[in-house]
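Here is what each chain is made of, one letter per residue.
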Amino acid sequence: MAKKDYEFDPYKVDKLSAIPPWLKILALKYWAAGVTCYLVFMGLNLFFADFLDRAAAFCIVFALINDWIVNTIIRMMSSPKSNTEVFSFVTGISVVSLILNIIYSVVCYVAMFSLAYGLSLILPFNIYFEEPFVFGLFYIIVDGMFLVIKYYVTKLLKHIQSNKKQKEL
């Protein structure tokens, strides 16, 4: 019997493991924002004629996708080698995290809309905000800003807390 050139080894490291986790998470968040934009803004155009209704529907759908899909995958990717939970703004599994994700989606949406409006005032051409590729790019920029702010605020709070403990001793 001839030996096969390729044998299946379930414990072999695959090519996807060579991609760093931050890049996978970036692509996942970009995809989630783009697909939600496509489904809500382009798919629900007939049901919600008003822009504010579609914006509210987007925030709710995006919070659900972010809480149930994106944050779950980020939690599953976490390992002792790489702590991927720093890439999600709201961590946890509860109704409270869903409500916080809805609030975070509203804040991100307002920030993205403000960024698009500000850029359209500066640039000589209009930016079509409701296009999935542009929307995903704006979400990555705004989410990255908020994650950097969260990182430095938590670092500052830990520093203040450690200083209080040192003063008590």
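So, a few notes on the structure that sits alongside this text. (Residues numbered from 1 in each chain as written. Predicted model: local features only at pLDDT ≥ 70, side-chain atom pairs only at ≥ 80, totals over all residues. Heavy atoms only, no water.)

1. Quick word on the pattern of salt bridges
Here is step 1: Evaluation of the coordinates by the stated rule reveals one salt bridge.
Here is step 2: Put simply, K29 and D143 hold a salt bridge, and the shortest N to O gap is 2.6 Å. Residue K29 is located in helix α1 (residues 21–42), and its partner D143 is located in helix α4 (residues 132–168); the two are separated by 114 residues in the primary sequence.
Here is step 3: Note on K29: relative accessible area 5%, which makes it buried.
Here is step 4: When its relative accessible area of 3% is taken as the criterion, D143 is described as buried. (Salt bridge = Lys/Arg side-chain N within 4 Å of Asp/Glu carboxyl O. Helix = DSSP H or I, 4+ residues; strand = E, 2+ residues; numbered from the N terminus. Buried < 20%, exposed > 50% of the residue type's maximum accessible area, 1.4 Å probe, protein only.)

2. Some details on the packing of α1 against helix α2 (residues 51–77)
Here is step 1: For the pair α1 and α2, interaxial distance at closest approach is 9 Å and the crossing angle is 155 degrees. Relative to α2, the element α1 lies roughly antiparallel. When you trace α1 past α2, the crossing you get is right-handed. Contact with α1, carried on its side by P21, K24, I25, L28, K29, A32, A33, T36, C37, V40 and F41, involves F51, R54, A55, A57, F58, V61, F62, I65, V70, I73, I74 and M77 of α2 and no other residues of that element. (Axes fitted to C-alpha atoms, helices over the stretch in contact; angles between N-to-C directions. Parallel < 35°, antiparallel > 145°, perpendicular 65-115°, else oblique. Left-handed = near helix turned anticlockwise from the far one by under 90°. Contact = heavy atoms within 4.5 Å.)

3. A word on the environment of Y139
Here is step 1: Looking at the secondary structure, you find Y139 in helix α4.
Here is step 2: A relative accessible area of 1% places Y139 in the buried class.
Here is step 3: Once the C-alpha coordinates of Y139 and K165 are considered, the two residues, 26 residues apart in sequence, prove to be 38 Å apart.
Here is step 4: In contact with Y139, other than residues within four places in its own chain, are K29, A33, F62, N66, Y104, C108, M112 and G144.

4. A few points about the packing of aromatic side chains
Within a pair of aromatic rings, the relevant descriptors are the distance that separates the centres and the angle that separates the planes.
Here is step 1: Inspection of every chain in the model, using the stated rule, returns 15 aromatic pairs.
Here is step 2: For the pair Y104 and F146, a centre-to-centre distance of 6.0 Å together with 65 degrees between the ring planes defines the contact as edge-to-face. Residue Y104 is found in helix α3 (residues 95–122), and its partner F146 is found in helix α4; the two are separated by 42 residues along the sequence.
Here is step 3: Residue classification places Y104 among the buried positions, given a relative accessible area of 6%.
Here is step 4: For F146, a relative accessible area of 18% corresponds to the buried category.
Here is step 5: Following the ring pairs from residue to residue traces out a cluster consisting of F41, F51, F58, F62, Y109, F113, F135 and Y139.
Here is step 6: Geometry around F89 places K150 over its ring, the cationic atom sitting 5.8 Å from the centre. (Phe/Tyr/Trp six-rings, centres within 6.5 Å; stacked < 30°, edge-to-face > 60°. Lys NZ or Arg CZ within 6 Å of the ring centre and 35° of its normal.)

5. Examining the environment of V106
Here is step 1: Along the polypeptide, V106 turns up in helix α3.
Here is step 2: Each C-alpha atom, one on V106 and one on A49, is 19 Å from the other, the two residues being 57 residues apart in sequence.

6. So, the side chain of N71
Here is step 1: For N71, the location among the structural elements is in helix α2.
Here is step 2: If sequence neighbours within four positions are ignored, N71 has contacts with N66, S88, V90 and N101.

7. As for a nonpolar patch on the surface
Here is step 1: Together, V95, V96, I99, L100, I103 and V107 make up a nonpolar patch on the protein surface, roughly 540 Å² of accessible area in all.
Here is step 2: Along the chain, the position of L100 falls in helix α3. (Patch = residues over 30% accessible without salt bridge, like charges linked within 9 Å, V, L, I, M, F, W, Y side chains within 5 Å. Areas by Shrake-Rupley, 256 points an atom, 1.4 Å probe, with all protein chains shown as cover.)

8. Focus: the nonpolar core
General note: in soluble globular proteins, nonpolar side chains tend to be found buried as a group.
Here is step 1: The biggest cluster of nonpolar side chains holds 27 residues, and the ones touching the most others in it are F58, Y109, M112, F129, F135 and Y139.
Here is step 2: Of all elements in the fold, only α1, α2, α3 and α4 reach the threshold of two or more residues within this core.
Here is step 3: The greatest single-element share of this core, amounting to eight residues, is contributed by α2. (Core = buried A, V, L, I, M, F, W, Y, C linked by side-chain atoms within 4.5 Å.)

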